[in-house]
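Results of the structural survey
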Amino acid sequence: MNVTHDSDPEETREWLEALKAAVASGGRDRGLFLLTQLEQQAQQLGVVAHVMPYSAYQNTVPLAEQAVHPGDVALEERLTAIMRWNALAMVVRANKAYGELGVLREGDGLSCLYTSAGAIVLDDSANITLHGVHVYVAKGGPSESGGDGAHLWKDCYFGPRPGTSQWKGADGFLCRSTRHGATLDNVTIRHTADDLQNFHGIWGKVKAVAGTQLTLETNASLRPTLSNARPGDRLRFIHRKTGAFLGEAKLVAARDFVLTLDRDATPFAAAQASWPEHECAGWVVQNCRWEDNFQRFLIMSGPGTVRGCTFVRMGSNLSLNTGMGLVGGIPSDIRILDNTFVDVNTRPHGAAIDAFAHNAQGQPGMPPIERLIITGNTFVRSGGPAL
């Protein structure tokens, strides 16, 4: 295809003159409208692809219409130079203090940029062991989603390279919608800017019922659960507003977001469903160290155990929450044993451990968190209560 050769100059001139006349009489907006209509017609005829040929971030403001920069450019350039010099001085100081450990390497981050990227992602998998893994990435942490799960993370480290201090702009560790929970043994996670740890499933919100069939609202986050659903899986139905328990059913068949149950679905018309077989059941976190993290160690599913771990300088706390929105579950059968909490959630009246059962309206108590054991823990902190 030769788009530079003009096979009919006379016709080309007529098109250009017509466009000039339209703009002259109807203005710039009229010209843009005609060009948009031509582009759509060209797409229908297969002349151009059905995609925009430019980035959505292209500057569409003509240079003549741009406003004068409101700041002091010279001052801003000087401040930029000072900050660069300060960053260089920090690196030099770290090199002197830590030697080789203070040297910046590829993969070390310099800023706190929020992202949901994962350094190691285990999707729809089972029984994988990661032993001695050290990851110095600022843009994400390890995550698991879907499949049978039951992965083992042993003697791993996620955080800044020793001697540097970048922050991870995402969750420290995400475990969701696996049939069996992960085991974290002697894992260290430092400098996370979002939740330190997440254990949860995905709520299925009921859209319609008919006989034994139930249709869920379309939700891409629920697909890992649906793709691994098996006949006999349990569903627990909670009233979407009040949090009251409405009953249980077993799955007979699933086709996309349409489920067939082993009983009449009518009582569940105003419900959302939790999937006990797809909420990381049986997870274990033991002998781990969590240091200088911004948000929560969030537990929204069970059974699970946190044992023999050390939590140091956390902006939030270890939190059990029913979470009646998109993510969640009911964190029952949780054991929190023989851990040490140092300067965790030190804001006024902030607890190092909290459990908050609530419905979608924020009212406490429903659905309940049950069979919670907290014993043998040590709290070294100022400010609010331990629990």
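Residues numbered from 1 in each chain as written. Predicted model: local features only at pLDDT ≥ 70, side-chain atom pairs only at ≥ 80, totals over all residues. Heavy atoms only, no water.

**Observations concerning the pattern of salt bridges**
We apply this condition: Only one rule defines a salt bridge in this text: a Lys or Arg side-chain nitrogen within 4 Å of an Asp or Glu carboxyl oxygen. Numbering of helices and strands runs from the N terminus; a helix is a DSSP stretch of H or I covering at least four residues, while a strand is a stretch of E covering at least two. With a 1.4 Å probe rolled over the protein chains alone, any residue whose accessible area is under 20% of its type maximum counts as buried; one over 50% counts as exposed, and the rest are partly exposed.
Following the criterion strictly, the structure yields 17 salt bridges and no others. Note that Glu10 and Arg13 form a salt bridge whose closest N and O atoms lie 1.9 Å from each other. Of this pair, Glu10 and Arg13 both sit in helix α1 (residues 9-44), separated by three residues, roughly a single helical turn. Accessibility expressed as a relative area gives 40% for Glu10, which makes it partly exposed. On the accessibility criterion, Arg13 (40% relative accessible area) is partly exposed. A salt bridge links Glu277 to Arg234; the shortest N-O distance between them is 2.9 Å.

**Description of the sheet that holds strand β6 (residues 157-158)**
Counted only if it meets this: At least two DSSP bridges between two strands are needed for those strands to be called paired.
Strand order in this open sheet of seven strands is β3-β6-β9-β18-β21-β25-β28, and the pairing throughout is parallel. The two strands at the open ends of the sheet, each matched to only one other strand, are β3 (134-135) and β28 (378-380). Pairing of β3 with β6, which is carried by two bridges, proceeds in the parallel orientation. In the strand pairing of β6, Val135 is matched with Phe158.

**Side note on unusual backbone geometry**
With an omega of 0°, the peptide bond between Gly302 and Pro303 qualifies as cis. Structurally, the position occupied by Pro303 is in the loop between β19 (297-299) and β20 (304-307). Positive phi is not limited to glycine here, since Arg371 has a value of about 55°. Considering the arrangement of structural elements, one finds Arg371 in the loop between β26 (353-356) and β27 (372-375). With relative accessibility at 51%, the residue Arg371 sits in the exposed group.

**Side note on α1**
Definition in use: Here the expected length of a helix is defined as 1.5 Å per residue gap, with one fewer gap than residues. Bend at a given residue is defined as the angle between two axes, one fitted to the seven residues that end at that position and one fitted to the seven that begin there.
For α1, which comprises 36 residues, the first-to-last C-alpha distance of 25 Å sits more than 12% below the rise-based estimate of 52 Å (1.5 Å per residue). At Gly26, α1 shows its strongest bend, of approximately 135°. Among the residues of α1, Ala22, Gly31, Ala42 and Gln43 are the ones counted as buried. Once α1 finishes, Gly46 follows within two positions and takes phi at roughly 80°, a positive value.

**Here's the deal with the nonpolar core**
Defined as follows: Buried Ala, Val, Leu, Ile, Met, Phe, Trp, Tyr and Cys residues form a nonpolar core when they are joined through side-chain atoms within 4.5 Å. Residue contacts are counted whenever heavy atoms from the two residues lie within 4.5 Å of one another.
One finds Trp153, Leu184, Val285, Trp290, Phe297, Phe311 and Leu318 to be the most contacted residues of the largest nonpolar core, which totals 37 residues. Put simply, the parts of the chain that give this core at least two residues each are β1 (118-123), β7 (173-176), β17 (283-286), β19, β21 (310-314), β22 (318-321), β24 (334-337) and β25 (340-344). Setting aside its immediate chain neighbours within four residues, Trp153 contacts Ile120, Leu122, Leu130, Pro142, Glu144, Phe158, Phe173, Ala182, Thr183, Leu184, Asp185 and Val187. Counting 18 residues, the second-largest nonpolar core is a separate cluster that includes Val206, Leu214, Leu216 and Trp275.

**With respect to a negative patch on the surface**
Condition: Patch membership needs two things, relative accessible area over 30% and no salt bridge, and members are linked within 9 Å if like-charged or within 5 Å if nonpolar (Val, Leu, Ile, Met, Phe, Trp, Tyr). Per-residue and other accessible areas follow the Shrake-Rupley method at a 1.4 Å probe size, with only the shown protein chains counted as cover for residues. For the charge count, each Lys or Arg is scored as positive and each Asp or Glu as negative, with His and the chain ends excluded. A charge is said to be at NZ when it belongs to Lys, at CZ for Arg, at CG for Asp and at CD for Glu.
A surface patch of like charges, here negative, comprises Asp6, Asp8, Glu11, Glu14 and Glu17. With respect to the helices, strands and loops of the structure, Asp8 is situated in the segment before α1.

**Comments concerning the packing of aromatic side chains**
So the rule is basically this: To pair, rings of Phe, Tyr and Trp, with the six-membered ring standing in for Trp, must have centres within 6.5 Å; the planes then decide the type, stacked if under 30 degrees apart, edge-to-face if over 60, and tilted in the middle.
Across all of its chains, the model carries ten aromatic pairs by this definition. Geometrically, the ring pair formed by Trp153 and Phe158 is edge-to-face, given 6.1 Å between the ring centres and 65° between the ring planes. A single burial state applies to Trp153 and to Phe158, both of which are buried. Look at Phe311 and Phe341: their rings are 4.8 Å apart centre to centre, the planes differ by 5°, and that puts the pair in the stacked class.

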